Amino acid sequence: MTYTDLTTPLRTIMTPGPVEADPRVLRALSTPVIGQFDPEFLNLMDETVDLLRYLFRTDNRRAFPINGTSRSGIEAVLCSIIEPGDKVLVPIYGRFGYLIAEIASRCDAEVHTMEKEWGKVFDPEEVKAEMKAINPKVVAIVHGETSTGQMQPLKEIGAFCRENDSLFVVDGVATIGGVEFKTDEWSIDAAITGTQKCLAVPSGMAPITYNDRIEKILLERKKIERGLSPDSENSRRIQSNYLDLSQIQDYWTSGNRLNHHTLATSMLYGLREGLRIIQEEGLEARIKRHQLHGKALVAGLEAMGVELRGNGEHKMPVVTLINAPEGVDEASVRSTLLNEFGIEIAGSFGPFKGKVMRIGNMGNSCRKTNILHTLGAFEAVMIQHGVTVNRGEAVQAALGVYAAEEITAVKS
Ligand SMILES: *Cc1c(COP(=O)(O)O)cnc(C)c1O
(Lines give C-alpha, C1' and ligand atoms only; values in the text may rest on other atoms or scores of the structure.)
Protein backbone atom coordinates (compact mmCIF):
# COMPACT_ATOMS: atom_id res chain seq x y z
CA MET A 1 0.00 0.00 0.00
CA THR A 2 1.40 3.38 -0.91
CA TYR A 3 -0.05 6.54 0.46
CA THR A 4 -0.24 9.84 -1.34
CA ASP A 5 1.91 12.66 -0.05
CA LEU A 6 0.11 15.52 1.57
CA THR A 7 0.08 18.15 -1.14
CA THR A 8 -2.68 20.59 -0.37
CA PRO A 9 -3.75 22.85 -3.21
CA LEU A 10 -3.48 26.59 -2.66
CA ARG A 11 -6.97 27.90 -2.07
CA THR A 12 -8.62 31.21 -1.49
CA ILE A 13 -11.13 30.33 1.22
CA MET A 14 -14.15 32.62 1.28
CA THR A 15 -16.48 30.49 3.38
CA PRO A 16 -17.75 31.13 6.91
CA GLY A 17 -15.02 28.75 8.14
CA PRO A 18 -12.62 27.16 8.25
CA VAL A 19 -10.79 30.16 6.77
CA GLU A 20 -7.18 30.83 5.84
CA ALA A 21 -4.89 30.66 8.85
CA ASP A 22 -2.35 33.38 9.45
CA PRO A 23 1.13 32.25 8.27
CA ARG A 24 2.55 33.16 11.67
CA VAL A 25 0.04 30.76 13.24
CA LEU A 26 1.07 28.00 10.85
CA ARG A 27 4.70 28.50 11.80
CA ALA A 28 3.82 28.46 15.51
CA LEU A 29 2.05 25.14 15.00
CA SER A 30 5.32 23.55 13.92
CA THR A 31 7.22 24.60 17.06
CA PRO A 32 8.82 21.59 18.85
CA VAL A 33 6.65 19.96 21.52
CA ILE A 34 7.49 20.48 25.21
CA GLY A 35 5.97 18.90 28.30
CA GLN A 36 2.71 20.15 29.71
CA PHE A 37 4.28 21.04 33.09
CA ASP A 38 7.39 22.62 31.61
CA PRO A 39 7.58 26.12 33.17
CA GLU A 40 7.84 27.56 29.66
CA PHE A 41 4.60 25.87 28.72
CA LEU A 42 2.85 27.04 31.89
CA ASN A 43 3.82 30.60 30.91
CA LEU A 44 2.22 30.08 27.52
CA MET A 45 -0.97 28.95 29.27
CA ASP A 46 -1.02 32.06 31.49
CA GLU A 47 -0.41 34.34 28.53
CA THR A 48 -3.24 32.67 26.65
CA VAL A 49 -5.64 33.37 29.54
CA ASP A 50 -4.69 37.08 29.47
CA LEU A 51 -5.04 37.30 25.71
CA LEU A 52 -8.44 35.60 25.85
CA ARG A 53 -9.70 38.12 28.41
CA TYR A 54 -8.81 40.82 25.93
CA LEU A 55 -10.53 38.97 23.08
CA PHE A 56 -13.75 38.43 25.06
CA ARG A 57 -13.64 41.93 26.59
CA THR A 58 -14.02 40.52 30.07
CA ASP A 59 -12.55 40.74 33.54
CA ASN A 60 -13.61 37.14 34.27
CA ARG A 61 -11.09 35.08 36.14
CA ARG A 62 -11.92 32.15 33.86
CA ALA A 63 -10.94 32.26 30.21
CA PHE A 64 -9.30 29.27 28.55
CA PRO A 65 -9.69 26.99 25.54
CA ILE A 66 -11.37 23.59 25.51
CA ASN A 67 -9.55 21.00 23.40
CA GLY A 68 -11.90 20.25 20.53
CA THR A 69 -13.80 22.26 17.94
CA SER A 70 -16.23 25.03 18.88
CA ARG A 71 -19.05 22.71 19.80
CA SER A 72 -16.89 21.13 22.49
CA GLY A 73 -16.90 24.55 24.16
CA ILE A 74 -20.67 24.82 23.85
CA GLU A 75 -21.08 21.32 25.24
CA ALA A 76 -18.60 21.90 28.08
CA VAL A 77 -20.51 24.98 29.25
CA LEU A 78 -23.97 23.43 28.91
CA CYS A 79 -23.20 20.05 30.43
CA SER A 80 -21.34 21.66 33.32
CA ILE A 81 -24.22 23.96 34.32
CA ILE A 82 -27.38 22.06 33.32
CA GLU A 83 -28.76 19.51 35.75
CA PRO A 84 -31.64 17.18 34.89
CA GLY A 85 -34.94 19.04 34.71
CA ASP A 86 -33.39 22.53 34.53
CA LYS A 87 -35.34 24.88 32.30
CA VAL A 88 -33.32 26.09 29.34
CA LEU A 89 -34.70 28.60 26.85
CA VAL A 90 -33.19 28.45 23.35
CA PRO A 91 -34.37 31.08 20.85
CA ILE A 92 -33.56 29.56 17.43
CA TYR A 93 -33.12 31.53 14.20
CA GLY A 94 -30.90 29.19 12.16
CA ARG A 95 -28.92 25.98 12.18
CA PHE A 96 -26.71 26.53 15.19
CA GLY A 97 -29.63 27.31 17.49
CA TYR A 98 -30.78 23.74 16.90
CA LEU A 99 -27.34 22.54 17.95
CA ILE A 100 -27.65 24.35 21.29
CA ALA A 101 -31.13 22.90 21.86
CA GLU A 102 -29.91 19.41 21.01
CA ILE A 103 -26.96 19.57 23.39
CA ALA A 104 -29.21 20.95 26.16
CA SER A 105 -31.66 18.10 25.67
CA ARG A 106 -28.84 15.54 25.96
CA CYS A 107 -28.14 17.10 29.36
CA ASP A 108 -31.76 16.20 30.25
CA ALA A 109 -32.77 19.84 30.45
CA GLU A 110 -36.40 20.84 30.09
CA VAL A 111 -35.71 22.58 26.79
CA HIS A 112 -38.01 25.37 25.65
CA THR A 113 -37.40 26.57 22.13
CA MET A 114 -38.82 29.50 20.24
CA GLU A 115 -38.24 29.66 16.52
CA LYS A 116 -37.84 32.50 14.08
CA GLU A 117 -38.18 32.23 10.34
CA TRP A 118 -34.68 31.81 8.80
CA GLY A 119 -33.28 35.19 7.83
CA LYS A 120 -34.80 37.09 10.78
CA VAL A 121 -33.70 37.72 14.36
CA PHE A 122 -35.67 38.06 17.60
CA ASP A 123 -37.05 41.27 18.98
CA PRO A 124 -35.61 41.22 22.54
CA GLU A 125 -39.15 41.82 23.82
CA GLU A 126 -40.24 38.44 22.44
CA VAL A 127 -37.47 36.69 24.34
CA LYS A 128 -38.29 38.63 27.51
CA ALA A 129 -41.95 37.64 27.26
CA GLU A 130 -41.01 33.97 26.93
CA MET A 131 -38.65 34.27 29.87
CA LYS A 132 -41.43 35.72 32.01
CA ALA A 133 -43.65 32.80 31.07
CA ILE A 134 -41.21 30.00 31.91
CA ASN A 135 -38.56 31.51 34.20
CA PRO A 136 -35.59 29.56 32.76
CA LYS A 137 -32.37 28.82 34.63
CA VAL A 138 -30.43 29.30 31.39
CA VAL A 139 -31.02 31.28 28.20
CA ALA A 140 -28.69 30.12 25.41
CA ILE A 141 -28.49 31.79 22.03
CA VAL A 142 -26.27 32.24 18.97
CA HIS A 143 -24.79 35.69 18.35
CA GLY A 144 -24.08 35.35 14.61
CA GLU A 145 -26.02 32.64 12.75
CA THR A 146 -23.56 31.61 10.08
CA SER A 147 -26.32 29.69 8.29
CA THR A 148 -28.48 32.78 7.68
CA GLY A 149 -25.92 35.58 7.98
CA GLN A 150 -27.97 37.30 10.69
CA MET A 151 -26.80 38.69 14.01
CA GLN A 152 -28.91 38.78 17.17
CA PRO A 153 -28.71 41.93 19.37
CA LEU A 154 -27.78 40.68 22.84
CA LYS A 155 -27.44 43.56 25.27
CA GLU A 156 -31.10 43.86 26.21
CA ILE A 157 -31.61 40.13 26.57
CA GLY A 158 -28.47 39.95 28.73
CA ALA A 159 -29.67 42.73 31.02
CA PHE A 160 -33.03 41.01 31.44
CA CYS A 161 -31.35 37.69 32.24
CA ARG A 162 -29.34 39.38 34.97
CA GLU A 163 -32.46 41.01 36.38
CA ASN A 164 -34.22 37.65 36.47
CA ASP A 165 -31.29 35.66 37.70
CA SER A 166 -31.17 33.52 34.56
CA LEU A 167 -27.77 32.53 33.18
CA PHE A 168 -27.00 33.92 29.73
CA VAL A 169 -24.89 31.65 27.49
CA VAL A 170 -23.83 32.86 24.04
CA ASP A 171 -22.35 31.06 21.04
CA GLY A 172 -20.05 33.71 19.56
CA VAL A 173 -18.21 31.22 17.36
CA ALA A 174 -18.70 33.10 14.10
CA THR A 175 -18.36 36.65 15.40
CA ILE A 176 -15.76 36.97 18.16
CA GLY A 177 -12.52 38.44 16.86
CA GLY A 178 -14.17 39.96 13.78
CA VAL A 179 -17.33 41.61 15.05
CA GLU A 180 -18.06 43.62 18.22
CA PHE A 181 -18.68 41.28 21.16
CA LYS A 182 -18.74 42.53 24.75
CA THR A 183 -19.00 39.73 27.29
CA ASP A 184 -19.18 41.88 30.43
CA GLU A 185 -21.05 44.86 29.05
CA TRP A 186 -23.75 42.61 27.58
CA SER A 187 -24.15 40.66 30.86
CA ILE A 188 -23.08 37.39 29.26
CA ASP A 189 -22.34 34.74 31.87
CA ALA A 190 -20.59 32.29 29.53
CA ALA A 191 -19.34 32.88 25.99
CA ILE A 192 -17.89 30.40 23.54
CA THR A 193 -15.90 30.87 20.37
CA GLY A 194 -13.95 28.79 17.86
CA THR A 195 -10.53 29.12 16.29
CA GLN A 196 -11.21 28.57 12.59
CA LYS A 197 -13.35 31.61 11.94
CA CYS A 198 -12.44 35.19 12.81
CA LEU A 199 -9.37 34.11 14.83
CA ALA A 200 -7.56 32.84 11.69
CA VAL A 201 -6.32 29.69 13.42
CA PRO A 202 -7.07 26.13 12.20
CA SER A 203 -9.98 24.37 13.88
CA GLY A 204 -9.33 22.34 17.02
CA MET A 205 -9.89 24.52 20.07
CA ALA A 206 -12.85 26.30 21.61
CA PRO A 207 -11.95 29.32 23.75
CA ILE A 208 -14.53 30.03 26.45
CA THR A 209 -15.00 32.46 29.32
CA TYR A 210 -17.39 32.43 32.28
CA ASN A 211 -18.01 34.37 35.45
CA ASP A 212 -18.55 33.62 39.14
CA ARG A 213 -22.27 32.95 38.65
CA ILE A 214 -21.33 29.96 36.52
CA GLU A 215 -18.43 28.94 38.72
CA LYS A 216 -20.73 28.77 41.75
CA ILE A 217 -22.72 26.01 40.05
CA LEU A 218 -19.56 24.13 39.10
CA LEU A 219 -18.33 24.17 42.69
CA GLU A 220 -21.66 22.93 44.00
CA ARG A 221 -21.62 20.03 41.58
CA LYS A 222 -18.02 19.29 42.43
CA LYS A 223 -19.03 18.72 46.05
CA ILE A 224 -20.82 15.56 44.97
CA GLU A 225 -17.63 14.44 43.27
CA ARG A 226 -15.86 14.81 46.61
CA GLY A 227 -18.54 12.99 48.59
CA LEU A 228 -19.93 16.19 50.16
CA SER A 229 -23.57 17.19 50.01
CA PRO A 230 -24.47 20.11 47.78
CA ASP A 231 -26.91 22.88 48.80
CA SER A 232 -29.65 21.54 46.57
CA GLU A 233 -30.73 17.93 46.60
CA ASN A 234 -31.40 18.21 42.87
CA SER A 235 -27.70 18.62 42.17
CA ARG A 236 -26.05 15.91 40.12
CA ARG A 237 -22.40 15.45 39.33
CA ILE A 238 -21.30 16.63 35.89
CA GLN A 239 -21.86 13.65 33.61
CA SER A 240 -18.88 14.25 31.33
CA ASN A 241 -15.35 13.78 32.56
CA TYR A 242 -13.62 15.28 29.54
CA LEU A 243 -15.78 18.40 29.47
CA ASP A 244 -16.12 18.92 33.23
CA LEU A 245 -15.32 22.61 33.68
CA SER A 246 -14.84 22.22 37.42
CA GLN A 247 -11.84 19.98 36.69
CA ILE A 248 -10.58 21.83 33.63
CA GLN A 249 -10.52 25.15 35.48
CA ASP A 250 -8.23 23.65 38.11
CA TYR A 251 -5.85 22.65 35.37
CA TRP A 252 -5.94 26.23 34.06
CA THR A 253 -5.48 27.89 37.46
CA SER A 254 -2.03 29.38 37.72
CA GLY A 255 -0.12 27.84 40.63
CA ASN A 256 -2.53 24.91 40.90
CA ARG A 257 -2.34 23.02 37.57
CA LEU A 258 -4.18 19.96 38.77
CA ASN A 259 -3.77 17.62 35.84
CA HIS A 260 -6.86 16.78 33.83
CA HIS A 261 -6.14 15.93 30.20
CA THR A 262 -2.99 16.53 28.17
CA LEU A 263 -3.43 19.95 26.66
CA ALA A 264 -3.17 19.96 22.84
CA THR A 265 0.35 21.39 22.80
CA SER A 266 0.66 22.47 19.18
CA MET A 267 -2.85 23.90 19.08
CA LEU A 268 -2.02 26.04 22.10
CA TYR A 269 1.02 27.40 20.24
CA GLY A 270 -1.23 28.20 17.30
CA LEU A 271 -4.02 29.77 19.33
CA ARG A 272 -1.67 31.89 21.39
CA GLU A 273 0.02 33.17 18.25
CA GLY A 274 -3.36 33.97 16.70
CA LEU A 275 -4.35 35.89 19.84
CA ARG A 276 -1.06 37.81 19.85
CA ILE A 277 -1.74 38.87 16.28
CA ILE A 278 -5.20 40.10 17.33
CA GLN A 279 -3.68 42.09 20.15
CA GLU A 280 -1.07 43.63 17.84
CA GLU A 281 -3.70 44.55 15.27
CA GLY A 282 -6.05 45.77 18.03
CA LEU A 283 -9.62 44.55 18.36
CA GLU A 284 -11.11 47.87 17.19
CA ALA A 285 -8.95 47.94 14.06
CA ARG A 286 -9.67 44.29 13.39
CA ILE A 287 -13.42 44.81 13.65
CA LYS A 288 -13.12 47.80 11.28
CA ARG A 289 -11.14 45.68 8.84
CA HIS A 290 -13.87 43.04 8.79
CA GLN A 291 -16.49 45.77 8.25
CA LEU A 292 -14.56 47.38 5.42
CA HIS A 293 -14.06 44.17 3.44
CA GLY A 294 -17.65 43.12 4.07
CA LYS A 295 -18.78 46.49 2.72
CA ALA A 296 -16.57 46.21 -0.38
CA LEU A 297 -17.91 42.71 -1.06
CA VAL A 298 -21.54 43.81 -0.76
CA ALA A 299 -20.94 46.89 -2.94
CA GLY A 300 -19.35 44.67 -5.59
CA LEU A 301 -22.16 42.11 -5.59
CA GLU A 302 -24.82 44.83 -5.73
CA ALA A 303 -23.07 46.51 -8.65
CA MET A 304 -22.92 43.13 -10.40
CA GLY A 305 -26.70 42.96 -10.08
CA VAL A 306 -27.05 39.67 -8.20
CA GLU A 307 -29.67 39.45 -5.47
CA LEU A 308 -28.49 39.51 -1.87
CA ARG A 309 -30.49 37.94 0.92
CA GLY A 310 -30.75 39.40 4.40
CA ASN A 311 -28.75 42.53 3.67
CA GLY A 312 -30.62 44.52 6.34
CA GLU A 313 -29.69 46.06 9.67
CA HIS A 314 -28.94 42.71 11.31
CA LYS A 315 -26.60 41.38 8.62
CA MET A 316 -23.35 39.87 9.91
CA PRO A 317 -20.43 41.93 8.53
CA VAL A 318 -18.52 38.68 7.94
CA VAL A 319 -21.08 36.60 6.01
CA THR A 320 -22.96 37.59 2.84
CA LEU A 321 -25.77 35.57 1.28
CA ILE A 322 -26.58 35.59 -2.42
CA ASN A 323 -29.80 34.12 -3.80
CA ALA A 324 -29.09 31.56 -6.51
CA PRO A 325 -30.50 33.09 -9.73
CA GLU A 326 -33.57 31.34 -11.27
CA GLY A 327 -32.58 28.11 -12.99
CA VAL A 328 -28.96 28.24 -11.84
CA ASP A 329 -27.52 25.30 -9.92
CA GLU A 330 -25.67 26.96 -7.04
CA ALA A 331 -23.59 23.83 -6.39
CA SER A 332 -22.28 24.03 -9.95
CA VAL A 333 -21.36 27.70 -9.46
CA ARG A 334 -19.42 26.79 -6.35
CA SER A 335 -17.60 23.86 -7.91
CA THR A 336 -16.61 25.94 -10.94
CA LEU A 337 -15.24 28.63 -8.64
CA LEU A 338 -13.22 26.00 -6.80
CA ASN A 339 -11.98 24.05 -9.78
CA GLU A 340 -11.23 26.93 -12.16
CA PHE A 341 -10.24 29.67 -9.75
CA GLY A 342 -9.24 27.86 -6.55
CA ILE A 343 -11.82 29.90 -4.64
CA GLU A 344 -14.10 28.23 -2.12
CA ILE A 345 -17.45 29.73 -1.16
CA ALA A 346 -20.25 27.95 0.72
CA GLY A 347 -23.81 26.76 0.27
CA SER A 348 -26.23 26.70 3.20
CA PHE A 349 -28.47 24.38 5.21
CA GLY A 350 -32.08 23.56 5.93
CA PRO A 351 -34.59 25.84 4.19
CA PHE A 352 -31.70 27.70 2.50
CA LYS A 353 -30.07 24.58 1.04
CA GLY A 354 -29.68 24.81 -2.74
CA LYS A 355 -31.14 28.33 -2.68
CA VAL A 356 -28.34 30.52 -1.42
CA MET A 357 -24.59 30.84 -1.66
CA ARG A 358 -22.63 32.24 1.25
CA ILE A 359 -19.42 34.24 1.05
CA GLY A 360 -17.44 34.72 4.23
CA ASN A 361 -14.83 37.37 4.97
CA MET A 362 -13.25 36.19 8.19
CA GLY A 363 -9.81 36.14 9.75
CA ASN A 364 -6.93 35.98 7.32
CA SER A 365 -9.29 35.48 4.39
CA CYS A 366 -10.61 38.96 5.07
CA ARG A 367 -8.35 41.07 2.84
CA LYS A 368 -8.54 43.23 -0.25
CA THR A 369 -6.92 40.82 -2.72
CA ASN A 370 -9.29 38.02 -1.70
CA ILE A 371 -12.36 40.23 -2.07
CA LEU A 372 -11.30 41.50 -5.49
CA HIS A 373 -10.34 38.02 -6.76
CA THR A 374 -13.64 36.62 -5.53
CA LEU A 375 -15.74 39.32 -7.17
CA GLY A 376 -13.92 38.98 -10.49
CA ALA A 377 -14.16 35.21 -10.48
CA PHE A 378 -17.78 35.16 -9.32
CA GLU A 379 -18.77 37.48 -12.15
CA ALA A 380 -17.01 35.25 -14.69
CA VAL A 381 -18.76 32.14 -13.36
CA MET A 382 -22.16 33.87 -13.33
CA ILE A 383 -21.68 34.82 -17.00
CA GLN A 384 -20.58 31.28 -17.80
CA HIS A 385 -23.77 29.99 -16.15
CA GLY A 386 -25.88 32.21 -18.41
CA VAL A 387 -26.75 34.84 -15.80
CA THR A 388 -27.17 38.42 -17.00
CA VAL A 389 -24.92 40.66 -14.93
CA ASN A 390 -23.57 44.21 -15.18
CA ARG A 391 -20.23 43.30 -16.68
CA GLY A 392 -17.13 44.84 -15.21
CA GLU A 393 -18.95 46.75 -12.50
CA ALA A 394 -18.32 44.60 -9.43
CA VAL A 395 -14.57 44.93 -9.03
CA GLN A 396 -14.77 48.65 -9.81
CA ALA A 397 -17.42 49.19 -7.13
CA ALA A 398 -15.27 47.38 -4.54
CA LEU A 399 -12.22 49.38 -5.59
CA GLY A 400 -14.36 52.48 -5.10
CA VAL A 401 -15.10 51.46 -1.51
CA TYR A 402 -11.40 50.95 -0.84
CA ALA A 403 -10.46 54.26 -2.45
CA ALA A 404 -13.05 56.14 -0.37
CA GLU A 405 -11.68 54.45 2.74
CA GLU A 406 -8.14 55.56 1.89
CA ILE A 407 -9.31 59.15 1.46
CA THR A 408 -11.03 59.08 4.87
CA ALA A 409 -7.94 57.51 6.41
CA VAL A 410 -5.70 60.27 4.99
CA LYS A 411 -8.07 62.95 6.29
CA SER A 412 -8.27 61.58 9.82
C1 LIG B 1 -19.08 27.04 12.94
C2 LIG B 1 -20.05 27.26 14.01
C3 LIG B 1 -20.24 26.32 15.05
C4 LIG B 1 -19.63 24.93 15.07
O5 LIG B 1 -18.30 24.93 15.13
P6 LIG B 1 -17.38 23.64 15.08
O7 LIG B 1 -16.04 24.24 15.24
O8 LIG B 1 -17.59 23.02 13.75
O9 LIG B 1 -17.72 22.73 16.19
C10 LIG B 1 -21.12 26.64 16.06
N11 LIG B 1 -21.79 27.81 16.06
C12 LIG B 1 -21.65 28.73 15.08
C13 LIG B 1 -22.42 30.00 15.13
C14 LIG B 1 -20.78 28.48 14.03
O15 LIG B 1 -20.64 29.39 13.05
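Structure: above.
Given the structure is predicted, the values throughout are model-derived calculations rather than measurements. (Residues numbered from 1 in each chain as written. Predicted model: local features only at pLDDT ≥ 70, side-chain atom pairs only at ≥ 80, totals over all residues. Heavy atoms only, no water.)

## A closer look at the site of the ligand
Point 1. Neighbouring residues of the ligand: T69, S70, R71, F96, V142, G144, T146, D171, V173, A174, Q196 and K197.
Point 2. For the ligand, an oxygen atom lies 3.0 Å from a polar atom in the backbone of R71.
Point 3. Measuring from an oxygen atom of the ligand, one finds a side-chain N or O atom of Q196 at 2.7 Å.
Point 4. Contact with the protein chains covers 90% of the free accessible surface of the ligand, which is 390 Å².
Point 5. By residue class, the composition of the shell around the ligand is four nonpolar, five polar and three charged. (Near = heavy atom within 4 Å. Polar contact = N/O pair within 3.5 Å; in protein donor to acceptor, adjacent residues only side chain to side chain. Areas by Shrake-Rupley, 256 points an atom, 1.4 Å probe, with all protein chains shown as cover. Nonpolar A, V, L, I, M, F, W, Y, C, P; charged D, E, K, R; others polar.)

## Side note on the nonpolar core
Point 1. By size, the foremost hydrophobic cluster in this structure holds 83 residues, and its most contacted members are I66, I81, F168, V169, L245 and W252.
Point 2. The leading source of residues in this core is helix 2 (residues 39-56), at eight residues.
Point 3. Every residue in contact with W252, bar those within four places of it in the chain, is listed here: M45, V49, F64, P65, R257, L263 and L268.
Point 4. Counting 32 residues, the second-largest nonpolar core is a separate cluster that includes L297, M304, I322 and L375. (Core = buried A, V, L, I, M, F, W, Y, C linked by side-chain atoms within 4.5 Å. Buried < 20%, exposed > 50% of the residue type's maximum accessible area, 1.4 Å probe, protein only. Helix = DSSP H or I, 4+ residues; strand = E, 2+ residues; numbered from the N terminus. Contact = heavy atoms within 4.5 Å.)

## Quick word on the layout of surface pockets
Point 1. The volume enclosed by the largest pocket comes to roughly 470 Å³.
Point 2. Lining the largest pocket are 14 residues, with E83, K137, K216, I217 and E220 sitting closest to its centre.
Point 3. When residues in the lining of the largest pocket are grouped by element, the largest group, four residues, is from helix 7 (residues 212-225).
Point 4. Looking at side-chain class alone, the lining of the largest pocket contains three nonpolar, three polar and eight charged residues. (1 Å grid on protein atoms, 1.4 Å probe; cavity = no way out; pocket = protein on both sides within 12 Å on 5 of 7 lines; lining within 4 Å. Points joined across faces, edges and corners; volume = space filled by probe spheres on them.)

## Some thoughts on the pattern of salt bridges
Point 1. Taken as a whole and judged by the stated rule, the model has 30 salt bridges.
Point 2. Of the charged contacts in the structure, one is a salt bridge between K137 and E83, with a shortest N-O distance of 3.9 Å. In this pair, K137 sits in the loop between helix 5 (124-134) and strand 5 (138-142) while E83 sits in the loop between helix 3 (70-81) and strand 3 (87-92), placing the two residues 54 residues apart along the sequence.
Point 3. Judged by its relative accessible area of 8%, E83 is buried.
Point 4. One salt bridge in this structure joins E220 and K223, with 3.0 Å as the shortest N-O distance. Of this pair, E220 and K223 both sit in helix 7, separated by three residues, roughly a single helical turn.
Point 5. On the basis of relative accessibility, which here comes to 18%, the residue E220 falls in the buried class.
Point 6. According to the relative accessible area criterion, K223 is partly exposed, its value standing at 22%.
Point 7. Each of the salt bridges in this network shares a partner with another, and the network as a whole consists of R24, E47, R272, E273, R276 and E280. (Salt bridge = Lys/Arg side-chain N within 4 Å of Asp/Glu carboxyl O.)

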